[in-house]
Amino acid sequence: MIDLLKKINGPNDIKKLPISSYPRLASEIREFLIDSVSKTGGHLASNLGTVELTIALHAVLNLPKDKIVWDVGHQAYTHKILTGRKNLFENLRQLDGLSGFPKAVESDCDSFDTGHSSTSISAALGMATAMKIKNDDSKVVAVIGDGALTGGMALEALNNVSALKRNMIIILNDNEMSISKNVGGMSKYLNQIRLGERYNELKHDVEKSLNSIPRIGDGMVKKVKHTKDKFKNLFIKSSFFDDLGVTYVGPVDGHDINELITLLKRSVKLDHPVLIHIKTVKGKGYRFAQENPSKFHGIAKFDKASGEVLNKTNLLSYTDVFSKHILNLAKDDDRIVAITAAMPDGTGLTPFAEKYPSRFFDVGIAEEHAVTFAAGLAKEGLKPFVSIYSSFYQRAYDQILHDVCLQNLGVVLMCDRAGLVGCDGETHQGIFDISFITSMPNITVIAPKDVYELKAAMNYAKDCDGPVFIRYSRGTAIAEGNENKYDITKGDIITKGRDVAIISIGNIYSEVKVAAEKLNKDGIKPTVVNPIFLKPLNTKLIEEIANDHTLIVIVEEAIKNGGFGEQVEVFIKENNIDCKVKVLAIDDKFVEHGEVPQLRKRLGIDGIGIYNAVKDNLD
């Protein structure tokens, strides 16, 4: 029975409920989340773990005046419910529906759009600094997970927090790895003392009085602080944060609403940064998610009673193909090592880690480090395969350019989730990699369309002296060709026609095939070309096609600016080849969440859209 949730219809409605009812409210929210996400899919385990924390934050803060910055943002479902959006959950992550991440366009209570990790402290510090400049007394809270705290940007922000000393709260949500041992009642007691008004007023007064004593005052303050820190660290291992000028509190039970509310009320009164370290359980309240939080991190529609995914397919994905083939390659080549950034399951490297533990490296949420680490391995003669999602490679642009390409090192960059990924939306669509990678000297860029080409690309990369970037999509892998059919460096003319040449890039071939079949029914005979190599540009193939056709249509599931299509256009114009070129790609914009077929249709790069574009341009 969901009675309390019916009373939550807008920001701050939670304050109308008695605090004693909050545990029951937490249970109702968990029931609502499990039911909703089972019907739509989404991030479940992380959201079930932050219900009490979110209730406490909303009970203490005044939204939207006060600001909460959710690191990554996949744990903000309860926040959305408490700000009046529970009725939108039936369309969670659906086209034109509720986003699975914080979005300012949805609500003023979403203070900062997030989707990638380790950004919250930087953003919150900027907000807190702006508040001070404006003489605004709004409170700012950053919520960051223990995994995201390993990201370099988070550590850079913490360093800056110590310099600026702004009034802000950092919630460290520790739900996986133990950072420090809970020392029970003494820890709880010291937390209350350190955040108490009397303690902080007394500390300030004592320091002020001692500093006023000529010549010896400053030295006495330093000795008192030294003694205090030595005593304090007998009970709380907080010196890392305290040395940065951030008051550390914790560990605290992240499911104890009353304790969280008490600490938050004390923390918002302080004039310096506070870090509250809470311990939570991923998937709390739902047995299947609690036992297997990785599976329920981002899950498709599932059966609540069994926890099993609905409409599950046994077909191989491109990630599965990569996972199996790198094992085959590594068996015969002990130079091969594999690297990922906190995504061994998502990138398919868990089997490699199990079979070759000494040759597998999960560097945590640190894509920049992953790439330069790989460069170091390659420099010493190993063959590193780095597997990262397309949208996360954006974070390692400088490292790919300077540390890999500049030195022409044999690093293989496996780009998973290239192209549209669907329901995670703008921050996760893999549509920018072609534009920024093909602009780099020395690198080879390959876009296989099927299983056999992906394996062939990996074989080629293994023996290549320079850097290779292989992009492949999310979803079911197609296997139409022959494993030994051709030399992938030459590209492939799949069907030979006469009226129009359609150049298909990677995974979009499935849509090009639909368009070609419809055109054939209309008596139009298209030539379908699969270049496979996007860089270096196969100018011989392009020139051959351009000389045989009056129209070339290039289709790519990527941003148009700087993409493959534009590079072909430039080549044809610079060489004065008499051939019209039409590029079907994604215009200069971000792409929202929705199912991939829906998004392709809206963007005009599905089979029907390609068919119509060819007909229009032939006319």
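Above this note sits the structure.
All figures in this text were calculated on a predicted structure; none of them were measured in a lab. (Residues numbered from 1 in each chain as written. Predicted model: local features only at pLDDT ≥ 70, side-chain atom pairs only at ≥ 80, totals over all residues. Heavy atoms only, no water.)

**Student:** Summarise the overall build of the chain; cite the residues concerned and give the values.
**Tutor:** Assigned secondary structure in the chain consists of 24 helices and 17 strands. Approximately 26,600 Å² of the chain is accessible, and the part contributed by carbon and sulfur atoms is 51%. (Helix = DSSP H or I, 4+ residues; strand = E, 2+ residues; numbered from the N terminus. Areas by Shrake-Rupley, 256 points an atom, 1.4 Å probe, with all protein chains shown as cover.)

**Student:** Pulling in residues and values, what's your account of unusual backbone geometry?
**Tutor:** Residues Leu-63 and Pro-64 are joined by a peptide bond in cis, for which omega reads 5 degrees. Tracing the sequence through the fold places Pro-64 in the loop between helix H3 (51–60) and strand S1 (67–70). Residue Pro-536 follows Lys-535 across a cis peptide bond; omega there is 0 degrees. Examined against the element boundaries, Pro-536 turns out to sit in the loop between strand S15 (533–535) and helix H21 (539–548). Notably, Asn-135 is not glycine yet its phi reads approximately 60 degrees, a positive angle. Positionally, Asn-135 belongs in the loop between helix H5 (120–133) and strand S2 (140–145). The phi torsion at Asn-576 lies on the positive side, around 50 degrees, for a residue other than glycine. Position of Asn-576 relative to the elements: it lies in the loop between helix H22 (564–574) and strand S17 (580–586). When its relative accessible area of 71% is taken as the criterion, Asn-576 is described as exposed. (Buried < 20%, exposed > 50% of the residue type's maximum accessible area, 1.4 Å probe, protein only.)

**Student:** Residues and numbers for the pairing of strand S5 (residues 274–279), please.
**Tutor:** Across the six residues of S5, five count as buried, placing the element largely inside the fold. The sheet contact formed by strand S3 (residues 169–174) and S5 spans six bridges and is parallel. When the bridges of S5 are listed, Asn-173 appears paired with Ile-278. With five bridges connecting them, strand S4 (residues 247–253) and S5 associate as parallel partners. Bridged to Tyr-248 within S5 is Leu-275. Each parallel crossover has a hand, and the one from S4 via helix H11 (residues 257–267) to S5 is right-handed. (Pairing = 2+ DSSP bridges. Right-handed = clockwise from strand over helix to strand, strands pointing away.)

Note that every value here comes from positions in space, so none of it alone points to a role or purpose.
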